[in-house]
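# What the coordinates show
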Amino acid sequence: MSSVRAFLAVPLPKELRASIAVLQKALSEQIAEVRWSSPENLHLTLRFFGETEQETLERVRVSMLSVKTCLSPFEVMVKGLGAFPDLTRPRVVWLGMEPSEKLRQLHAVCENSLQAAGLTPEKRYYVPHLTLGRFRRPGDDLTRTVAAFEHALIGRFQVKQLVLYASQLHAGGVEHRPLTQVDLN
């Protein structure tokens, strides 16, 4: 039985991805040693599964169908810059999402549905974000850079669809291929 590297996410509209690409270019002049995410691969991750067997993917698909009837589409703002694990020793640069409570509710509904389908619960606290890039080595302190973008509104979008993606690693980067899509009602 074959497996795929998979994750559940909310896709971003093309216009927002273009705005983020402009921001990434500006940030690349201020922040060194970052491998920037390709704009066409940007998405809001709800759950990363890693290598997943076909049987489990089918259970994820069923859980997606139950989630779609629980929530209506809603708007979020892409706002503010941050870093994991923290600003003084960053490994990942990200954009924040508001209202994060609605996104956490969506995440909780997805998690409950996935658990009901027999998947192991996610142990980490969910922080809604868009990954802009990853440092090749621990980065320099980003406190000043983040402060400059603290209130910057990058864009808005409707959370109206869930997509189960397969993620394939290649020498030139990563490719995300949609496996299943469902619209929120």
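Structural data are supplied above this passage.
The structure reproduced in this document is the subject of the present report.

This part is about the sheet that holds strand β4 (residues 74-84). Read across the sheet, 5 strands follow the order β2-β6-β5-β4-β7 without closing on themselves; strand pairing throughout is antiparallel. Unpaired on one side and paired on the other, β2 (34-36) and β7 (153-159) mark the two borders of the sheet. When strand polarity is set aside, the average angle formed by the axes of neighbouring strands in this sheet is 35°. By the bridge criterion, 5 bridges tie strand β5 (residues 92-98) to strand β6 (residues 129-135) in an arrangement that is antiparallel.

A few words on the packing of aromatic side chains. As enumerated under the stated definition, the model contains 2 aromatic pairs in all. Considering the side-chain rings of Phe7 and Tyr165, the 5.1 Å spacing of their centres and the 20° angle between planes classify their relative orientation as stacked. Separated by 158 residues along the polypeptide, Phe7 in strand β1 (residues 3-11) and Tyr165 in strand β8 (residues 161-170) bring together distant segments of the chain. Here Phe7 and Tyr165 have matching classes, each one buried. Relative to Trp94, the ring of Phe84 lies with its centre 5.3 Å away and its plane at 35°, an arrangement referred to as tilted. You can see Phe84 sitting in strand β4 and its partner Trp94 sitting in strand β5, a full 10 residues away along the chain. Phe84 sits in the partly exposed class, given a relative accessible area of 27%.

A separate point is the nonpolar core. Core analysis: the biggest nonpolar cluster contains 50 residues, and Ile20, Leu95, Leu106, Phe157, Val159 and Leu162 have the highest contact counts within it. Apart from the residues within four sequence positions on either side, Leu106 is in contact with Val10, Leu46, Val67, Leu71, Phe74, Val159 and Leu162.

Bringing helix α3 (residues 100-116) into the picture now. A rise of 1.5 Å per residue sets the reference length of α3, with its 17 residues, at 24 Å; its end C-alpha atoms lie 24 Å apart and thus fit the reference within 8%. Looking at α3, one finds that the buried residues are Ser100, Leu103, Leu106, His107, Val109, Cys110, Glu111, Ser113 and Leu114. In the stretch just after α3, Gly118 is the one whose phi turns positive, near 100°.

On the basis of which strands lie adjacent, the open sheet formed by 4 strands has the order β3-β1-β8-β9 and antiparallel pairing. Two strands bound the open sheet, and with one partner strand each, they are β3 (43-53) and β9 (173-183). Between one strand axis and the next, the sheet turns through 25° on average, direction left out of account. In this sheet, β8 lies alongside β1 in antiparallel orientation, the contact comprising 4 bridges. Following the sheet pairing, Phe7 is matched in β8 by Tyr165. Set on the sheet, helix α2 (residues 54-67) makes contact with β1, β3, β8 and β9; between it and β3 the angle comes to about 150°.

Reading guide: rules and limits
- Residues numbered from 1 in each chain as written.
- Predicted model: local features only at pLDDT ≥ 70, side-chain atom pairs only at ≥ 80, totals over all residues.
- Heavy atoms only, no water.
- Pairing = 2+ DSSP bridges.
- Helix = DSSP H or I, 4+ residues; strand = E, 2+ residues; numbered from the N terminus.
- Axes fitted to C-alpha atoms, helices over the stretch in contact; angles between N-to-C directions.
- Phe/Tyr/Trp six-rings, centres within 6.5 Å; stacked < 30°, edge-to-face > 60°.
- Buried < 20%, exposed > 50% of the residue type's maximum accessible area, 1.4 Å probe, protein only.
- Core = buried A, V, L, I, M, F, W, Y, C linked by side-chain atoms within 4.5 Å.
- Contact = heavy atoms within 4.5 Å.
- Expected span 1.5 Å × (residues − 1).

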